[in-house]
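The chain contents come next:
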2 protein chains.
Amino acid sequence: MADNSSSDGVPSDSLEAAKNASNKEKLTDQVMQNPQVLAALQERLENVSHTPSSYIETLPKAVKRRINALKQLQVKCAHIEAKFYEEVHDLERKYAALYQPLFDKRREFITGDVEPTDAESEWHSENEEEDKLAGDVKNKVVIAEKEAATAEEPNPKGIPEFWFTIFRNVDMLSELVQEYDEPILKHLQDIKVKFSDPGQPMSFVLEFHFEPNDYFTNSVLTKTYKMKSEPDKADPFSFEGPEIVDCDGCTIDWKKGKNVTVKTIKKKQKHKGRGTVRTITKQVPNDSFFNFFSPLKASGDGESLDEDSEFTLASDFEIGHFFRERIVPRAVLYFTGEAIEDDDNFEEGEEGEEEDLEGDEEGEEDEDAEINPKVSDLGDTQQGVLRCWTFHR
Amino acid sequence: MADNSSSDGVPSDSLEAAKNASNKEKLTDQVMQNPQVLAALQERLENVSHTPSSYIETLPKAVKRRINALKQLQVKCAHIEAKFYEEVHDLERKYAALYQPLFDKRREFITGDVEPTDAESEWHSENEEEDKLAGDVKNKVVIAEKEAATAEEPNPKGIPEFWFTIFRNVDMLSELVQEYDEPILKHLQDIKVKFSDPGQPMSFVLEFHFEPNDYFTNSVLTKTYKMKSEPDKADPFSFEGPEIVDCDGCTIDWKKGKNVTVKTIKKKQKHKGRGTVRTITKQVPNDSFFNFFSPLKASGDGESLDEDSEFTLASDFEIGHFFRERIVPRAVLYFTGEAIEDDDNFEEGEEGEEEDLEGDEEGEEDEDAEINPKVSDLGDTQQGVLRCWTFHR
């Protein structure tokens, strides 16, 4: 209705138009005297001045001065927060030592160096009840099959292809693995996370332990991730805890002709003067998971990366973080698929969709829904509980 | 192509159909002799057996036994993780004490009890450079306006409506605030987070401090959130750290006729025998932010909540968590809107879309993209860094 008060778009070269304009003005006058319309208009104007930054602009100088004082305090908070995250990192280091004996045992069971005792391998499936309900007939068939199989069943060493199977189950990894990477990854026997020593710059190393194989002589391939836990001077308010800022790979000592990260192509070259043609071979980069160990370097020399490189690097950081935060601590669940199925329950709830539409009607943008969440956007809860800490996916 | 080998759907009462079936079989034979088709079929079959749970099912008993041993170890890890999060909570408690002097100062500046010194209120906007580029003309106008305004500018006490403005800026809160809540919320002077004492069950209390007002006699309204940090016995692998599991409000001592959480409605009642009609008044619940202090109780008596109640409770937990994790520690940024704008930069990158489509072609489901992320789904990075810890939104 506020548009009626505007006389824009009225052509001045027409009597008819002038009449219309005059009528319009009359209408506008009437409309403007309607208290409901006035209230609606006022609300609209208020809403405009309610956008945070424009609202701040309208405040008296003395108040703006106090807001600046609050911002100074906020920067101090960010620095305290940085110290907090450093202490959390110390805790992670302390707990890494507590997990290690369990991870060592895991490695021994996987490689077959140690066989678990009966007590160690007892397990009551949480799905046992469900399985029972699924029907006795089916169960009997399965049991019969199992019994038949047992007699002739092989007993391989440990859990064959344990880590390789995880690579196959996790999309983020499987999309990096090429067919020719597979036989190499089958020799992967353990992945370890090592944190930097106290007092050292914050970092962690992923160690990929391989059994002796035909592809390279290294027994361990490493990838180091460097972190930063301090507010940016130019933008202290964006600080949210430690960030991965750079990474470093290692040299793989490939055995002759086994390097899957390069391929040899043949190229014809013509001699300028004589016009003769010769064929040369040239090595060019080849897609492979093992390129993970020759990452791009984050710009440290002042030159900034192009968009593609930045995306590649960001993806690499995500993968490193995923190894550290999910795969290494919960490997068996990624092997069985339970971690993947489990997380499935945490999808956005469908209940929110209806309310989302209401939000659209109010002219709000969907894009900031995640940032400035409305109750209706929330769907990440399960069985009436809310998780307080989450790893970054 | 695998569908061609199936003879389902062939009507048996028709010669024509039989002929078709025969042709189909012939075609199938031809198709099945094509090595490319066979390879594709085999790949398909392999993919089926590659789904994690069906793959596990095919493993020899001895291997399954070792996997169970790994699961036992994994449960032990979950219990160690629970201890880790308890220590993180201790750290939060320790740091709450370090933040408090800054938050006290913030409160004093907001209420106007203390005026910041010149040094305390110095602030160089990170946008100063941008402002300069935005054009001198505009700047001059703004400066002239400011100077004109300064002369006649009022100097209100502190930062008026500081917390109420945050309620208005944050969608999650503003959607709870009714028009009649607004004058009450203008009396809100501070929000504090208090953690439970060491050794006590994990919890936190949100304290809403009000100046004396015409609405209720309480000076503080409280909301307590109870947390749990131990793996569920029935589902230990779902443990991901502390969860909010219940909450509790407080009684608001409303002054007479000021309770906005109820409304009085008139209802006509007809006397059964005499047929006379009388009008009675009845109090019914009314939408209000202040219902935040009379939350639903999570089922503790064995009865489970219905879906609506569960959603209401989950939303309440999200709000409590948001107060604790974002609004209280960064109030000024929600007042100015910087926290909201800042987070805007962390939207999903558009670069991922193209690759997402590729994923679809492979017949993968979009829904599990977040759970089992592919590199192409990643977009939550900025300027080549990756945040390692995030609060739960």
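An unreviewed UniProt entry annotates chain A as Nucleosome assembly protein 1-like 4 isoform X4 originating from Trichechus manatus latirostris. For the record of chain A, the UniProt heading Sequence similarities (unreviewed entry) holds the text "Belongs to the nucleosome assembly protein (NAP) family." For chain A, the Subcellular location (unreviewed entry) comment in UniProt is given as "Nucleus".

Here the focus is the pattern of salt bridges. Within this structure, the stated rule accounts for 44 salt bridges over all chains. With a closest N to O distance of 3.5 Å, A:Arg324 and A:Glu325 form a salt bridge. For A:Arg324, a relative accessible area of 6% translates into the label buried. Between B:Lys105 and B:Glu120 there is a salt bridge; the shortest N-O distance is 3.0 Å. Separated by 15 residues along the polypeptide, B:Lys105 in helix α4 (residues 61–111) and B:Glu120 in the loop between α4 and α5 (128–133) bring together distant segments of the chain. Given a relative accessible area of 33%, B:Lys105 falls into the partly exposed group. Members of the salt-bridge network, linked through shared partners, are A:Arg65, A:Arg66, B:Glu115 and B:Asp118.

What follows covers α4(B). Note that an α-helix has 3.6 residues per turn; residues three or four places apart therefore point the same way. For α4(B), spanning 51 residues, the distance from its first C-alpha to its last is 70 Å, which sits close to the expected 75 Å at 1.5 Å a residue. At B:Tyr99, α4(B) shows its largest bend, some 35°, and a proline, B:Pro101, comes one to four positions later.

In this section: the packing of aromatic side chains. Centre distance and the angle of the planes are the two values used to describe a pair of aromatic rings. Residue and element names in this part refer to chain A. Inspection of the entire model under this criterion finds 56 aromatic pairs over all chains. Ring centres 5.8 Å apart and planes at 15° place the aromatic pair Tyr99 and Phe103 in the stacked group. Placement of both Tyr99 and Phe103 in helix α4 (residues 61–111) is noted, with a separation of four residues, approximately one turn of the helix. A residue is classified by how much of its surface remains accessible, and Tyr99, at 15% relative accessible area, is buried. Between Phe208 and Phe293, the aromatic rings sit 5.2 Å apart at their centres with planes inclined by 90°, giving edge-to-face as the arrangement. Residue Phe208 is located in strand β2 (residues 203–210), and its partner Phe293 is located in the loop between β6 (277–285) and α10 (307–327); the two are separated by 85 residues in the primary sequence.

What counts as what
Along each chain, numbering runs from 1 in the same order as the chain's sequence is written. A letter from A marks each chain and a number from 1 marks each ligand, given out in the order of writing. In keeping with the model being predicted, local features are shown solely for residues with a pLDDT of at least 70 and side-chain atom pairs are shown and tallied solely at 80 or more, while totals for entire chains, interfaces and linings include all residues. The side-chain numbers reported here are obtained from all heavy atoms of the structure, hydrogens and water having been left aside. UniProt positions are given in the numbering used here, feature names are shortened, and annotations may be inferred rather than shown by experiment. We count a salt bridge whenever a side-chain nitrogen from Lys or Arg sits within 4 Å of a carboxyl oxygen from Asp or Glu. For the exposure calls, accessible area comes from a 1.4 Å probe over protein chains only, and a residue counts as buried if that area is under 20% of its type's maximum, exposed if over 50%, partly exposed in between. Counting from the N terminus, the helices are the DSSP runs of H or I reaching at least four residues and the strands are the DSSP runs of E reaching at least two. What a helix should span is 1.5 Å times the count of its residues minus one. To get the bend at a given residue, fit one axis to the seven residues ending there, fit another to the seven starting there, and take the angle between those axes. Two aromatic rings, drawn from Phe, Tyr or Trp (for Trp, its six-membered ring), form a pair once their centres lie within 6.5 Å of each other, and the interplanar angle then sorts them: stacked below 30 degrees, edge-to-face above 60, tilted otherwise.

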